[in-house]
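Here is what each chain is made of, one letter per residue.
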Amino acid sequence: MVDFPEIVNIPLAKWIDKAMDWLLLNLDPFFDAIGFIILKVVLAFENLFLFIPWFVLIPLAGLAGWKLVGKKRSGVTFMILLFLVGSFGYWELAMRTLSLVIASVFFSLIIGIPLGIRMARSDRAQAIMKPMMDAMQTMPSFVYLIPALMFFGMGKVPAMFATIIYAVPPVIRLTNVGIRTVDKEAVEASKAFGATSRQVLFDVQLPLAKPSIMVGVNQTTMMALAMVVIGSMIGAKGLGMEVLLAINRIEVGRGFEAGLSIVFLAIIIDRITYSFSKTKDK
Amino acid sequence: MSEDLKNETVETEDPQIVIKDLWKIYGRDPKRVLGKNLRTLSKDEVQKKTGCIIGMREINLEVKKGEFYILMGLSGSGKSTLVRNLIRLVNPTSGTIHINGENITKMNSEQLLHFRRKTFGMVFQHYGLLPHLTVLDNAAYGLKVKGLPKGERYAKAMQSLETVGLKGWEDYYPGSLSGGMQQRVGLARALANDPEILLMDEPFSGLDPLIRRQMQDELVELQDKLQKTIIFVTHDLHEALKLGDKIAIMRNGEVVQVGSPEEIVTQPNDDYVAEFVKDASPAKVLTASSIMDPAKVLLYAWEGPKTALTLLRKNNRKAAFVVDKSHKLLGVAKEKVIEKMIEEGHSKIPAESLMKVTSVTPDTILEDLFPIVTEHPFPIPVCNENGKFQGIVTTDHIFESISPVEEGESNG
Ligand SMILES: Nc1ncnc2c1ncn2[C@@H]1O[C@H](COP(=O)(O)OP(=O)(O)O)[C@@H](O)[C@H]1O
Ligand SMILES: [Mg+2]
């Protein structure tokens, strides 16, 4: 075998490490601030979901299934699934995982929807952002954990940081696509009547792009759930950590229960967020 | 006299829209196409050489206030581009557009918003309605953009919906309405703003023929009342002839002919226009004024019955039209009636004793003229809206005018 000539070794890894060092050194207060905000939000959600007793939340989920998804059967299914999670003994961990997911999605949307709008309004922005997002989505998810760890140490915050970054592309992408495929004449009509670009955005583009944006929200949420599970590797308490422990101790039964609980959560979250993308016709 | 003066001032009034040397070139670096090497090339050549597409080339047009102006041409000829330039949904590459004396090509975005709100209403081929709003909210949209309070804009929108015959549909959503009704909403939305200029880009192209004809009829009626300036795009000749006061025909981004419906049909500039109008029935475009002749014998009431009788006999006639001093048609006088007047000693021809006759206006089209002419034994008098006598039409005139070979054409 012929070795690759060592002389053309490009020290990309070294450069990136250097850049990280620089960021850490100079932007430390900035990351502290971000970490603080993230923590506050996730704690607020955690407090909420740990405060609501199971016998209230389960009927609420049933109601959501019935009213939002549109079928009584979905409501009943949701209640049974949540009840099973509780009966496995994972109620509290499931609530922690749920809080992490919801908090991450919250941030992903705050970042993603404006970026998607920006991308839709400028071909240049689209040309720049598209390859970046393609790269982000093909990157193995746990790679995001490394910089998150460096910036924020162990715990919930880095797990969420990684989750937000990992889960944001779909909502950006689908906001962009949604706005770009809005009926051209509806936009022209709005402009023809003298609407400002803000009026065009809020009167026409966002409402008509809503189904598409909601599909993005759904995908972002599912990715967030997947990432939160992985995030338990760096110390975010939740169902993911249970799976991790079960793997380490080769406890098949325990792993199965925890895994099943994640799947049940996923089903419920998926159906509810997906229902938002269906426009209800009068 | 005063009547004449008034007509003249209307005729010479400054046009409301003046378009000068307007170009639109789509693509990268469009200005280079205007350089002297490229600007004379054809649309296809320019596209091959530069990748740019000529949307409009050197457009010069004038539209008067209250005119129903048609833009006609094949798909891709630049009609939509031109209409969108008027409101700057598309910005021209060069040239100027003046509307009400203001150069809109120079306006900044602030002025433009204001101008759009004040001056324009637009109607689209696929309606361009907002599906998440009710019919009423759609109709009120232009007013909402303007910032009118809710009560006022709903009141105006309701009125506008009533005008287009949609009363009772306010609370429906556009998706539950038929195409024709959706376009009515589109029209109501445009009218609610009470704009000076209405832009309509193929508004009826998507509708079934029957609905389409009905909408055209209603638009004609509406325009009689409202007298807006309308720029109306179509590729349907019959629609153009039915609605238009003036027609501009476009090809490959250029205006190849402008004229009245009649001029376009009877004197096409070139083969393209001729091809366009080839199945236009002259009966639908030729008007009484274009085929009428002056009366050979015309009697003046104030000259008295004796002069009248002499005139009749000299020309070998048994009857003739009588007009008063302002050239208003009074009726027909038969020889016998005039003889009786002389016996009774009248010094003037009394209007009461004349036979009343059906008359037509100068813009009556042949199709409508024909049944009237064939029904009456006399030639039919043509009188303008003030009753002034203009000329006469007979069956012979009609047959001559629709005979296929025209002398003028082979000579010219
Ligand atoms: N946004 C655009 N980009 C590039 N070319 C365009 C664009 N809009 C229109 N064109 C081109 O300009 C020409 C005129 O188009 P248009 O004004 O839509 O014609 P019409 O309304 O008569 O069908 C066509 O050749 C069309 O392909
Ligand atoms: Mg068009």
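Below you will find a few notes about this structure. Note that the structure is predicted; figures quoted are calculated from it, not measured.

### So, the overall build of chain A
Phase 1 of the analysis: In terms of helices and strands, chain A carries twelve helices and zero strands.
Phase 2 of the analysis: When its C-alpha atoms are laid out on the principal axes, chain A stretches across 65 × 65 × 45 Å.
Phase 3 of the analysis: Residue pairs in contact within chain A that sit at least 24 positions apart in sequence constitute 77% of those at least 6 positions apart.
Phase 4 of the analysis: Taken as a whole, chain A presents about 15,200 Å² of accessible surface, with 70% of it coming from carbon and sulfur.
Phase 5 of the analysis: When the 26 basic and 19 acidic side-chain charges of chain A are each reduced to a single mean position, those positions are 9 Å apart.

### Some remarks on helix 9 (residues 209-226) of chain B
Helical geometry note: an α-helix holds 3.6 residues per turn, so side chains three or four residues apart project in the same direction.
Residue and element names in this part refer to chain B.
Phase 1 of the analysis: For helix 9, spanning 18 residues, the distance from its first C-alpha to its last is 25 Å, which sits close to the expected 26 Å at 1.5 Å a residue.
Phase 2 of the analysis: Listing the buried residues of helix 9 in full gives R212, M215, Q216, L219, L222 and Q223. Buried positions in helix 9, seen along its axis, are confined to an arc of 130 degrees and lie on one side of it. Opposite the buried face of helix 9, at more than 90 degrees from it, the exposed residues are L210, E221, D224 and K225.

### Structural notes on the interface of chain A and chain B
Phase 1 of the analysis: Taken together, the contact pairs 18 residues of chain A with 25 residues of chain B.
Phase 2 of the analysis: Between chain A and chain B the total buried area reaches about 1,800 Å² when both faces are included, carbon and sulfur atoms providing 61% of it.
Phase 3 of the analysis: Its largest share of buried area at the contact with chain B, chain A owes to A:E185, A:A192 and A:F193, together 39% of the area lost on that side.
Phase 4 of the analysis: At the boundary of chain A with chain B, the tally comes to two salt bridges.
Phase 5 of the analysis: A salt bridge links A:E188 to B:R84; its shortest N-O distance comes to 2.6 Å.
Phase 6 of the analysis: Connecting chain A to chain B are ten residue pairs in polar contact (both at pLDDT 80 or more).
Phase 7 of the analysis: Counting residues per element, the ones that place at least two in the side of chain A that touches chain B are helix 9 (184-192) and helix 10 (197-231) of chain A.
Phase 8 of the analysis: Across the side of chain A that touches chain B, the residue classes tally to eight nonpolar, four polar and six charged.

### Observations regarding the packing of helix 15 (residues 304-314) of chain B against helix 16 (residues 335-344) of chain B
When two helices pack together, their arrangement is captured by the angle between the axes and the distance separating the axes.
Residues and elements named next belong to chain B.
Phase 1 of the analysis: Close contact between helix 15 and helix 16 brings their axes to 9 Å; oriented N to C, the two are set at 145 degrees. When the axes of helix 15 and helix 16 are compared, the crossing they make is left-handed. Of helix 16, the residues touching helix 15 (which contributes P305, K306, A308, L309, L312 and R313) are E335, I338, E339, M341 and I342.
Phase 2 of the analysis: The residue makeup of the contact of helix 15 with helix 16, split by class, is seven nonpolar, no polar and four charged.

### A look at the nonpolar core
Phase 1 of the analysis: A:I38, A:V101, A:M160 and A:L239 are the most contacted members of the largest nonpolar core, which totals 55 residues.
Phase 2 of the analysis: Elements with a minimum of two residues in this core: helix 2 (28-51), helix 3 (54-69), helix 4 (72-87), helix 5 (91-121), helix 7 (145-152), helix 8 (156-180), helix 10 and helix 12 (252-276) of chain A.
Phase 3 of the analysis: Counting residues in each nonpolar core, the second largest holds 45 residues, with B:L136, B:L237, B:I264 and B:V277 among its members.

### Focus: unusual backbone geometry
All names here are of chain B.
Phase 1 of the analysis: Unlike most non-glycine residues, D29 shows phi in positive territory, near 50 degrees.
Phase 2 of the analysis: With respect to the element layout, D29 can be found in the loop between strand 1 (17-26) and helix 2 (43-50).
Phase 3 of the analysis: Residue N252 is not a glycine yet carries a positive backbone phi of 45 degrees.
Phase 4 of the analysis: Summarising the element assignment, N252 is placed in the loop between strand 9 (246-251) and strand 10 (254-259).

### Considering the side chain of B:K228
Residue and element names in this part refer to chain B.
Phase 1 of the analysis: Residue position: K228 is located in the loop between helix 9 and strand 8 (229-234).
Phase 2 of the analysis: In this structure K228 comes out as buried when scored by relative accessible area, which is 8%.
Phase 3 of the analysis: In this structure the side chain of K228 is engaged in a polar contact, spanning 2.6 Å, whose partner is the side chain of D194.
Phase 4 of the analysis: One polar contact links the side chain of K228 to the main-chain carbonyl oxygen of P195, over a distance of 2.9 Å.

### So, the pairing of strand 7 (residues 197-201) of chain B
Residues and elements named next belong to chain B.
Phase 1 of the analysis: Among the five residues of strand 7, five are classified as buried, and the element is accordingly described as predominantly covered.
Phase 2 of the analysis: Burial along strand 7 is two-sided: I197, L199 and D201 and L198 and M200, pointing in opposite directions, are all buried.
Phase 3 of the analysis: The pairing of strand 6 (residues 120-123) with strand 7 spans four bridges and is classified as parallel. Its bridge partner being in strand 7, F120 is matched across the sheet by I197.
Phase 4 of the analysis: Pairing geometry for strand 7 and strand 8, over five bridges, is parallel. Bridged to D201 within strand 8 is V233.
Phase 5 of the analysis: Following the backbone out of strand 7, through helix 9 and into the adjacent parallel strand 8, one traces a crossover that is right-handed.

Rules behind the numbers
Residues numbered from 1 in each chain as written. Chains lettered and ligands numbered in written order. Predicted model: local features only at pLDDT ≥ 70, side-chain atom pairs only at ≥ 80, totals over all residues. Heavy atoms only, no water. Helix = DSSP H or I, 4+ residues; strand = E, 2+ residues; numbered from the N terminus. Contact = heavy atoms within 4.5 Å. Areas by Shrake-Rupley, 256 points an atom, 1.4 Å probe, with all protein chains shown as cover. Lys, Arg positive; Asp, Glu negative; His and termini not counted. Charge placed at Lys NZ, Arg CZ, Asp CG, Glu CD. Expected span 1.5 Å × (residues − 1). Buried < 20%, exposed > 50% of the residue type's maximum accessible area, 1.4 Å probe, protein only. Arc of directions from axis to C-beta. Buried area = accessible area lost by both parts, 1.4 Å probe. Salt bridge = Lys/Arg side-chain N within 4 Å of Asp/Glu carboxyl O. Polar contact = N/O pair within 3.5 Å; in protein donor to acceptor, adjacent residues only side chain to side chain. Nonpolar A, V, L, I, M, F, W, Y, C, P; charged D, E, K, R; others polar. Axes fitted to C-alpha atoms, helices over the stretch in contact; angles between N-to-C directions. Left-handed = near helix turned anticlockwise from the far one by under 90°. Core = buried A, V, L, I, M, F, W, Y, C linked by side-chain atoms within 4.5 Å. Pairing = 2+ DSSP bridges. Right-handed = clockwise from strand over helix to strand, strands pointing away.

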